[in-house]
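Analysis of the macromolecular model
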Amino acid sequence: MTGEAARLCVTNAKGGTGKTTVAINVAGALNERGRDVLFVDIDPQGNATEGLGLADAYDRAPPTLFDTLTDPAKRSAVNDLIESHEEMDVLPANIDLLHAEHELTIADLMDKLGSNHPEAVQALESQAINTKREHISSGYAIRALDTALAAIEYDYDYILIDSPPFYGKLTDASIFATQNVLIPALTEATSERAIELLIEQVAALEEHAGITVDTIGVVANRVEQTSEDEMMVDWFNAVFADHPVWEVRKRVALQRAFSAGTSIFAYDQPVDMEAVFLEIARACDRKFGFTEETL
Ligand SMILES: Nc1ncnc2c1ncn2[C@@H]1O[C@H](COP(=O)(O)OP(=O)(O)OP(=O)(O)O)[C@@H](O)[C@H]1O
Ligand SMILES: [Mg+2]
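Residues numbered from 1 in each chain as written. Chains lettered and ligands numbered in written order. Predicted model: local features only at pLDDT ≥ 70, side-chain atom pairs only at ≥ 80, totals over all residues. Heavy atoms only, no water.

1. Examining the overall build of the protein
From N to C terminus, the protein includes 13 helices and eight strands. Against the 2.2 N^0.38 benchmark of 19 Å for 295 residues, the protein shows a C-alpha radius of gyration of 19 Å, consistent with a compact globule. Taken along the three principal axes of its C-alpha coordinates, the protein extends 60 × 35 × 35 Å. Within the protein, buried positions represent 54% of all 295 residues. Excluding contacts between residues fewer than 6 apart, the proportion of contacts in the protein whose partners are at least 24 apart in sequence is 79%. (Helix = DSSP H or I, 4+ residues; strand = E, 2+ residues; numbered from the N terminus. Rg over C-alpha atoms; globule rule 2.2 N^0.38 Å. Buried < 20%, exposed > 50% of the residue type's maximum accessible area, 1.4 Å probe, protein only. Contact = heavy atoms within 4.5 Å.)

2. Considerations on the nonpolar core
In this structure, Leu69, Leu91, Leu149 and Phe236 are the most contacted members of the largest nonpolar core, which totals 51 residues. By residue number, the principal contributor to this core is helix H9 (residues 169-178), which donates five residues. Ignoring sequence-local partners within four residues, the contact set of Phe236 consists of Ala185, Leu186, Thr187, Ser191, Ile195, Val218, Ala220 and Val245. (Core = buried A, V, L, I, M, F, W, Y, C linked by side-chain atoms within 4.5 Å.)

3. Side note on the site of ligand 1
Close contacts around ligand 1 come from 18 residues, with Gly16, Thr20, Thr21, Arg222 and Gln255 the closest. Arg249 places a polar main-chain atom, nitrogen or oxygen, 2.9 Å from a nitrogen atom of ligand 1. One of the side-chain N or O atoms of Gln255 is found 2.8 Å from a nitrogen atom in ligand 1. Protein burial of ligand 1: of its 620 Å² of free accessible surface, 84% is covered by the chains. Going through the elements one at a time, helix H1 (19-32), strand E7 (214-223), strand E8 (245-249) and helix H12 (252-259) are the ones with two or more residues in the shell around ligand 1. Considering every element that reaches the shell around ligand 1, the biggest residue donor is H1, with three residues. (Near = heavy atom within 4 Å. Polar contact = N/O pair within 3.5 Å; in protein donor to acceptor, adjacent residues only side chain to side chain. Areas by Shrake-Rupley, 256 points an atom, 1.4 Å probe, with all protein chains shown as cover.)

4. Some details on the packing of aromatic side chains
Each aromatic ring pair is specified by the distance between its two centres and by the angle formed by the two planes. Evaluation of the coordinates by the stated rule reveals three aromatic pairs. Aromatic pair Tyr158 and Phe288: ring centres 5.8 Å apart, planes at 85°, arrangement edge-to-face. In this pair, Tyr158 sits in strand E5 (residues 158-162) while Phe288 sits in the segment after helix H13 (274-287), placing the two residues 130 residues apart along the sequence. When the centroid spacing of 5.9 Å and the interplanar angle of 65° are considered together, the rings of Trp235 and Phe236 count as edge-to-face. One exposure class covers both Trp235 and Phe236, and it is buried. An aromatic cluster of three or more residues is present, and its members are Tyr158, Phe288 and Phe290. (Phe/Tyr/Trp six-rings, centres within 6.5 Å; stacked < 30°, edge-to-face > 60°.)

5. Observations concerning the sheet that holds strand E6 (residues 180-186)
Spatial strand order, E3-E4-E2-E5-E1-E6-E7-E8: eight strands in an open sheet with mixed pairing. Looking at strand neighbours, the two that pair on one side only are strand E3 (83-84) and E8, the edges of this open sheet. Here E3 runs beside strand E4 (residues 89-91); their pairing, made up of two bridges, is antiparallel. Counterpart to Glu83 in the pairing with E4 is Val90. Along the sheet, helix H11 (residues 227-239) makes contact with E6, E7 and E8, crossing E7 at roughly 180°. (Pairing = 2+ DSSP bridges. Axes fitted to C-alpha atoms, helices over the stretch in contact; angles between N-to-C directions.)

6. Quick word on unusual backbone geometry
In most cases, non-glycine residues show a negative phi, while peptide bonds are predominantly trans. Cis peptide bonds are those with omega within 30 degrees of zero, and the linkage from Pro62 to Pro63 qualifies with 0°. For Pro63, the location among the structural elements is in the loop between helix H3 (55-58) and helix H4 (65-70). Even without being a glycine, Arg222 presents a positive backbone phi close to 60°. In this structure, Arg222 sits in strand E7.

7. Considering H13
With 14 residues, H13 extends 20 Å from end C-alpha to end C-alpha; this agrees with the ideal 20 Å at 1.5 Å per step. Residues of H13 that are buried: Val276, Phe277, Ile280, Ala281, Ala283, Cys284 and Asp285. One or two positions beyond H13, positive phi appears at Gly289, with a value near 80°. (Expected span 1.5 Å × (residues − 1).)

8. Thoughts on the state of the cysteines
As enumerated under the stated definition, the model contains zero disulfides in all. Between Cys9, a cysteine without a disulfide, and Cys284, which holds the nearest cysteine sulfur, the sulfur-to-sulfur distance is 12 Å. What makes Cys9 buried here is its relative accessible area of 0%. Given the relative accessible area of 0%, Cys284 is considered buried. (Disulfide = S-S within 2.5 Å.)

Listed below in C-alpha cells is the structure:
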C-alpha cells in the first residue's frame, strides 16, 4: 500500500490482560490476510520485542526508540531501528524506554510553563536526558510517537502498537498517534473498573488533545466456560453495545506460540483461536477500507 498506514493501539492499563498476546496475533492474522504490518512495541517491559525474538534490540545501545521519541534530531533514526520478523516488521522496545515517562513528563511541564517561567523551565531542562527548551512546541509530549512514526520511510498497510500496562505519557502518545483502540480485557470482575478507567482516560485525552478516538472492539480474553465468564462477556456487550466483543478462549497454545517467537499463524500446530483473530483482522480491514480484492 502507498499512503498513510491504518494505525491501531492495543491498550488496557490493567496488567496482564493479553495486550501483547492479542497484538502479536492480530498482527499475525493481518499478515495472513496479506497486509504489511509494522508492530511497534512501546512497552518498556519489551515483552513483545523479546517474544518476537529481538532480545538483542531490547538491549541495544542508543539511539533507540527512546531517542526517536524524545530528540527531534534523532527522529529519522527510527528507520534504522526497524527489524524483520517472518510475519511483520518490528519497531522494538528498548530498555531505555524506562526513562520515557520521566522525560515526556518533563517535556510536558516545560510546554505548560512556556516562556513565562524561564527559570523553572531551565531547572526542568537540567533534569532531562534529551529534551531541550528549543524542542518544545504545543502538545510536544503527546505528539512524540505520532511524530516519530511520521518519519518512517517505508510503506505499511498497518501500524499496530502494543502499549504498556499503565496510564501515562507513553499510553497517551500511543492513543494519540493511532486514534483507534482495541481493548483486551479479562473476563473477571476487576475488569469493570479497568474498563471504566480506560473510558475516562480516553475521554479526557479526546478533550485535551481535540481528537476523536474510535474503539475497534473489545477482546474478552482467557475466557473459560463458567457463569462468571459469561456474565463478564454480557457486561462488555452492554458497555460496548455499538462495538464488537470477540471471545478468545484460554489456550496454552497461545503461550506456546509466544514462546516460539511467532503468532499462532506461524506456529507449527493449528490453534482453534485462529478464526477469532482472523475475524478481528477482517473487521479492521473493513473499518480501514481494505477490501478482499486488495488482498
Ligand atoms: N487466551 C489466553 N490463553 C492462555 N494464556 C494467555 C491468553 N492470553 C494471554 N495469555 C497469557 O497471559 C499472560 C499475560 O498475557 P500478555 O503478556 O499478553 O498480557 P499483557 O496485557 O500484554 O501484559 P502486560 O500488562 O504486562 O503488558 C502471558 O503469559 C500470556 O501468554
Ligand atoms: Mg504486554
